[in-house]
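# Per-entry structural report
Each chain is listed here by its residues.
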Amino acid sequence: MRSTIEDTLAESRERYLAPVRRSVRPYLQAVFPGSDLAFAEDFRPAGLDRGGALEAHDLLSDGTREQIAILVRLALGSLLAQGGEPVPIILDDALVFSDDERMERMFDALSLAARAQQVIVLTCRTRAFGALGGRLLSLEPVRGGLSDGASGV
């Protein structure tokens, strides 16, 4: 009975992860060509398989872990959009651990995602993200406080 339950759980897990694997693949290939993402039993990324050598997630650099997290978010957003529930992808001060070359590859993945859904990047590093393109919006400070008799309450 234990074996049957374990097999059923493994089969269910794989059935759930199969669309995620398919959806993350184009983004993953843009950043880590020839690699694949391994998932743990609890659905967290377990590591990066580069040419048959699995690198455990815990041993990856902060930048690589951050990039994988973003790629998985892009993939999940893509799955929701394919299911008729498009959602914007919002990244706040992302890619702080990325070197220039990896940042360019991440921009390729973000651009790929932006073809099908809205990608919003909040950052104070406008020069670094300028190459990403898109529409630049900025917040201006309010001068003179509240106007027209409005109260701050």
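Residues numbered from 1 in each chain as written. Predicted model: local features only at pLDDT ≥ 70, side-chain atom pairs only at ≥ 80, totals over all residues. Heavy atoms only, no water.

### Some thoughts on helix 3 (residues 100-114)
Residues three or four positions apart in an α-helix share a direction because the helix packs 3.6 residues into each turn. Inclusion rule: Secondary structure elements follow DSSP: runs of H or I of four or more residues count as helices, runs of E of two or more count as strands, with numbering from the N terminus. By this rule, a helix spans an expected 1.5 Å times one less than how many residues it contains. The classification of residues rests on relative accessible area computed with a 1.4 Å probe and restricted to protein chains. Under 20% of the type maximum is buried, over 50% is exposed, and intermediate values are partly exposed. Each C-beta atom gives one direction from the helix axis, and the arc is the one those directions make. When checking whether two residues touch, look at their non-hydrogen atoms; a contact exists if any pair is within 4.5 Å.
With 15 residues, helix 3 ought to run about 21 Å at 1.5 Å a step, and its terminal C-alpha atoms sit 21 Å apart, in line with that. Within the sequence span of helix 3, burial applies to R102, M103, M106, F107, A109, L110 and A113. Taken around the axis of helix 3, the buried residues stretch over an arc of 165 degrees, which confines them to a single face. Summarising the geometry of helix 3, the exposed residues directed more than 90 degrees from the buried face are D100, E101 and E104. Looking at the buried residues of helix 3, the elements they touch are helix 1 (2-31), helix 2 (62-82), strand 4 (89-92), strand 5 (119-122) and helix 4 (126-129).

### Observations concerning the packing of aromatic side chains
Two descriptors summarise a pair of aromatic rings, namely the distance from one centre to the other and the angle between the planes of the rings. Which entries qualify depends on this criterion: Centre distance within 6.5 Å is the pairing criterion for rings of Phe, Tyr and Trp, where only the six-membered ring of Trp is used; planes under 30 degrees apart are then read as stacked, over 60 as edge-to-face, and the remainder as tilted.
One pass over the structure, following the stated rule, counts one aromatic pair. Relative to F43, the ring of Y16 has its centre 4.9 Å away and its plane inclined at 70 degrees; by these criteria the two rings are edge-to-face. Note that Y16 is positioned in helix 1 and F43 in the loop between strand 1 (35-39) and strand 2 (45-50), a separation of 27 residues in sequence.

### Quick word on the confidence of the model for the chain
Threshold: Confidence per residue, as judged by the predictor, is encoded in pLDDT with a range of 0 to 100.
The predicted model of the chain has a mean per-residue pLDDT of 86, with 94% of residues at 70 or higher. The secondary structure element of the chain with the lowest average pLDDT is helix 4, at 74, and the one with the highest is helix 2, at 93.

### Some words on the side chain of R102
Stated precisely, the cut-off is as follows: Neither His nor the chain ends is counted toward charge; the positive residues are Lys and Arg and the negative residues Asp and Glu. Definition used for salt bridges: Asp or Glu carboxyl oxygen within 4 Å of a side-chain nitrogen of Lys or Arg.
Topologically, R102 is positioned in helix 3. Within the buried set, R102 has no salt-bridge partner at all; the shortest N-O distance to an opposite charge, 5.4 Å, is to D99. For R102, the contacting residues outside a window of four places in its chain are V31, F32, T64 and Q67.

### Structural notes on the pattern of salt bridges
Scanning the entire structure with this criterion turns up six salt bridges. A salt bridge links D42 to R44, with the shortest nitrogen-to-oxygen separation between them at 2.7 Å. Taking the relative accessible area as the measure of exposure, D42 reaches 42% and is therefore partly exposed. Look at R44 and you get exposed, because its relative accessible area is 51%.

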